[in-house]
Amino acid sequence: MKMKFVLASFLVAGAMSLGLMANASSGGKDVAKDATKDSSAVPVSAEQAAQNENMHFEGEKRFRSNCARCHAAPPKFSPRMMATIVRHMRVRATITDQDMRLILRYMTE
Amino acid sequence: MCRFVRWPRIVAKAALLGLCFLFSLALQAQDDGFKAVPILTGSTAYFTRVTAGQYQDAPAVSPVLLLPFGDKWLVEAKGSYSDTFSKNAQGDYNGTISYGMTYGQIDYIANRYMTFVAGRFTTPFNIYGERLAPNWIRALQTTPLTSPVTSGSSLGGMMRGGFPGTESLNVTYALYFSSNNTHHLLATDRSTGGRAGFFLPRQRLELGASFQQVLQADRPHSSGIFMEWQPNRAPLTVRSEYVRSSGTKGSAYWIESVYRLSQIRSLRRLELVGRGQQFFAASNLSAATVKKLGALGKDTNEGDFGLNYYLRSDVRASASYGRQFVLGRDANLWVVGMTYRFIMPMLPQGGAR
């Protein structure tokens, strides 16, 4: 009985650590993900400004091609509301992860 | 006998391990930078319809509840309530209340390519049901003739997602299974199926196909194709769906174009909509089956034209006229009304993060 308990605990712990490892490995490099982080506190270089402008352009493009395909452009909501809305639309309209992040950035600028 | 007793235990253990695995995935933050808040959204609408001389006034509300948990979970539920007042021969109005749950599902974003859904959800077949059906989104308020051919809702599990195939191609997919449910409000068929879509962002063109196999009664299967195109140089959207069923429900297609008059300053909030559609009833139907199927038992042609005017981005006035040609029963379809999309946080929004 004790042996069974130890074995079950080991299996549960193993599954949890496997899950954590799988998730950690999938959260690698993502340009759009980094883009959502606030950079207002850091002095913006010309290169960074150009990159921000490019991200804005990309975000607008993704918004137009994904969201505006079905409905009129909504007003911009607070970032925390947008996070929920974009997650909902990611599932409903099968928007790719990359597009979702760029759209979230664009809609919260 | 012993083997039969062991099986449920093994399945239960496997399910427990699976849950632990999913839970541990959820614990690891996705870090979007923003903490999502619960939201109550949805739409209200008031439409007056005149169908073959029969007046109907229908106020309706469709609330959608979005409850995010952590960074990977989302519980979403959509209900609907409407009261349809119909004018009878004496000129009096009688009200008929209808309500239901369009979907109630739990979404788990497993990774950037895959989302698992469990519960009652809109069947992922072509594009109308999932994307265009809400009354604040649909360009014309009359439902296309393709919609009744396949089952609109499912109860079970679904795996879906999207990924960029190349720089100029996004691939989307959805696979599902559904169990049979005979509850009068939540009825679903035992079925399985899926949808695959290919989106070309540069051309803003999406093409895709769907399949559904019903696993009960006479086990019909349905297949469909769809397209949606928004040319870069014009404020135009062209959409189309085709569906064919092997059973008694026939086949149908529709093609719709929406043109926004954004180039004319005084009319930039106005949309012109046109749609043509045909329904072909299944051949060799008996007289009894035709009677049982009702509208699905006869060939139908329909043309609709409509106007949508956006008073604000969330308030829209709509009007449309359609002509339906059915053997021995042609009809005019008039619809006039308004929709309002609402959205509000259910908790104080706090700071930006």
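What you see is a predicted model, and the numbers here were worked out from it, not measured in a lab. (Residues numbered from 1 in each chain as written. Chains lettered and ligands numbered in written order. Predicted model: local features only at pLDDT ≥ 70, side-chain atom pairs only at ≥ 80, totals over all residues.)

**Some remarks on the overall build of chain A**
- For chain A, the count of helices and strands is 5 helices and 0 strands.
- Mapped from its N terminus to its C terminus, chain A presents α and β elements in the order α-α-α-α-α.
- Within chain A, buried positions represent 33% of all 109 residues.
- For chain A, restricting intrachain contacts to residue pairs at least 6 apart in sequence, the fraction spanning at least 24 positions comes to 79%. (Helix = DSSP H or I, 4+ residues; strand = E, 2+ residues; numbered from the N terminus. Buried ≥ 20, exposed ≤ 12 C-beta atoms within 10 Å, placed from the backbone. Contact = placed C-beta atoms within 7 Å.)

**Section: the overall build of chain B**
- Of regular secondary structure, chain B possesses 3 helices and 16 strands.
- Within the span of chain B, comprising 353 residues, buried residues form 32% of the whole.
- Contacts in chain B between residues far apart in sequence, at least 24 positions, make up 51% of those at least 6 positions apart.

**Details of the packing of helix H4 (residues 79-92) of chain A against helix H5 (residues 97-107) of chain A**
All names here are of chain A.
- Across the interface, H4 lies against H5 with an axial gap of 10 Å and an inter-helix angle of 150 degrees. Put simply, H4 runs roughly antiparallel to H5. In the crossing of H4 with H5, the sense of the turn from one axis to the other is right-handed. The segment H4 lies against H5, with Met 82, Ala 83, Val 86 and Arg 90 engaging Met 100, Ile 103, Leu 104 and Met 107. (Axes fitted to C-alpha atoms, helices over the stretch in contact; angles between N-to-C directions. Parallel < 35°, antiparallel > 145°, perpendicular 65-115°, else oblique. Left-handed = near helix turned anticlockwise from the far one by under 90°.)

**Some details on H4(A)**
Residues and elements named next belong to chain A.
- For H4, which comprises 14 residues, the first-to-last C-alpha distance of 20 Å matches the rise-based estimate of 20 Å (1.5 Å per residue) to within 8%.
- A large share of H4 lies buried, amounting to 11 of its 14 residues.
- Every buried residue of H4 is accounted for by Pro 79, Arg 80, Met 81, Met 82, Ala 83, Thr 84, Ile 85, Val 86, Arg 87, Arg 90 and Val 91.
- Among the residues trailing H4, Thr 94 stands out with phi positive, at a value near 40 degrees. (Expected span 1.5 Å × (residues − 1).)

**What about the nonpolar core?**
- Ranked by size, the top nonpolar core spans 27 residues in total, and within it A:Met82, A:Ala83, A:Val86, A:Ile103 and A:Leu104 carry the most contacts.
- Contributions of two or more residues to this core are made by H4 and H5 of chain A together with strand S2 (54-69), strand S5 (114-122) and strand S7 (169-178) of chain B.
- Counting 7 residues, the second-largest nonpolar core is a separate cluster that includes B:Val243, B:Ala252, B:Tyr253 and B:Phe279. (Core = buried A, V, L, I, M, F, W, Y, C linked by C-beta atoms within 7 Å.)

**A short note on the environment of B:Val64**
Residues and elements named next belong to chain B.
- Tracing the chain through its elements places Val 64 in strand S2.
- When the C-alpha positions of Val 64 and Arg 260 are compared, they lie 28 Å apart, and in sequence the two are 196 residues distant.
- Setting aside anything within four residues of it in sequence, one finds Val 64 in contact with Thr 41, Gly 42, Glu 76 and Lys 78.

**A short note on the pairing of strand S16 (residues 331-345) of chain B**
Residues and elements named next belong to chain B.
- Where strand S1 (residues 39-51) lies against S16, 13 bridges are found, and the strand directions are antiparallel. Each residue of the ladder has a partner; that of Val 50, found in S16, is Trp 334.
- Pairing geometry for strand S15 (residues 315-326) and S16, over 10 bridges, is antiparallel. Looking at the pairing, Ala 319 lines up with Val 336 of S16.
- Counted along the chain from S15 to the antiparallel partner S16, the turn is 4 residues long, and its residue Gly 328 has a positive phi close to 80 degrees. (Pairing = 2+ DSSP bridges.)

**Concerning H5(A)**
- The element H5(A) is extensively covered by neighbouring structure, given that 10 of its 11 residues are classed as buried.
- Among all positions of H5(A), only A:Asp97, A:Asp99, A:Met100, A:Arg101, A:Leu102, A:Ile103, A:Leu104, A:Arg105, A:Tyr106 and A:Met107 are buried.

**Focus on the pairing of S5(B)**
- One ladder, built from 7 bridges, connects strand S4 (residues 93-111) of chain B with S5(B); its direction is antiparallel. Opposite B:Ile109, over in S5(B), you have B:Thr115 as the bridge partner.

**Regarding the confidence of the model for chain B**
Residue and element names in this part refer to chain B.
- Per-residue confidence for chain B gives a mean pLDDT of 88, with 90% of residues at or over 70.
- In the model, residues 26-31 has pLDDT below 50 throughout and makes 11 contacts with residues more than four positions away in sequence or in other chains.
- Interface scoring of the predicted complex returns ipTM 0.84; its pTM is 0.80. (pLDDT = per-residue confidence, 0-100.)

**What about the confidence of the model for chain A?**
Residues and elements named next belong to chain A.
- Within chain A, residue pLDDT values average 72, and 60% of them lie at 70 or more.
- The secondary structure element of chain A with the lowest average pLDDT is helix H2 (residues 31-35), at 42, and the one with the highest is H4, at 92.
- Of the regions scoring below 50 in pLDDT, residues 17-40 engages in 27 contacts with residues more than four places distant in sequence or in other chains.

**Observations regarding the packing of helix H3 (residues 46-66) of chain A against H5(A)**
Residue and element names in this part refer to chain A.
- Direction vectors running N to C along H3 and H5 enclose 110 degrees, while the axes themselves pass 8 Å from each other. In terms of their interaxial angle, H3 and H5 are classed as roughly perpendicular. Regarding H3 and H5, the two cross each other, and that crossing is left-handed. The segment H3 lies against H5, with Met 55, His 56, Glu 58, Gly 59, Glu 60, Arg 62, Phe 63 and Asn 66 engaging Asp 99, Leu 102, Ile 103, Arg 105 and Tyr 106.
- Residues belonging to the contact of H3 with H5 are distributed by class as follows: 5 nonpolar, 3 polar and 5 charged. (Nonpolar A, V, L, I, M, F, W, Y, C, P; charged D, E, K, R; others polar.)

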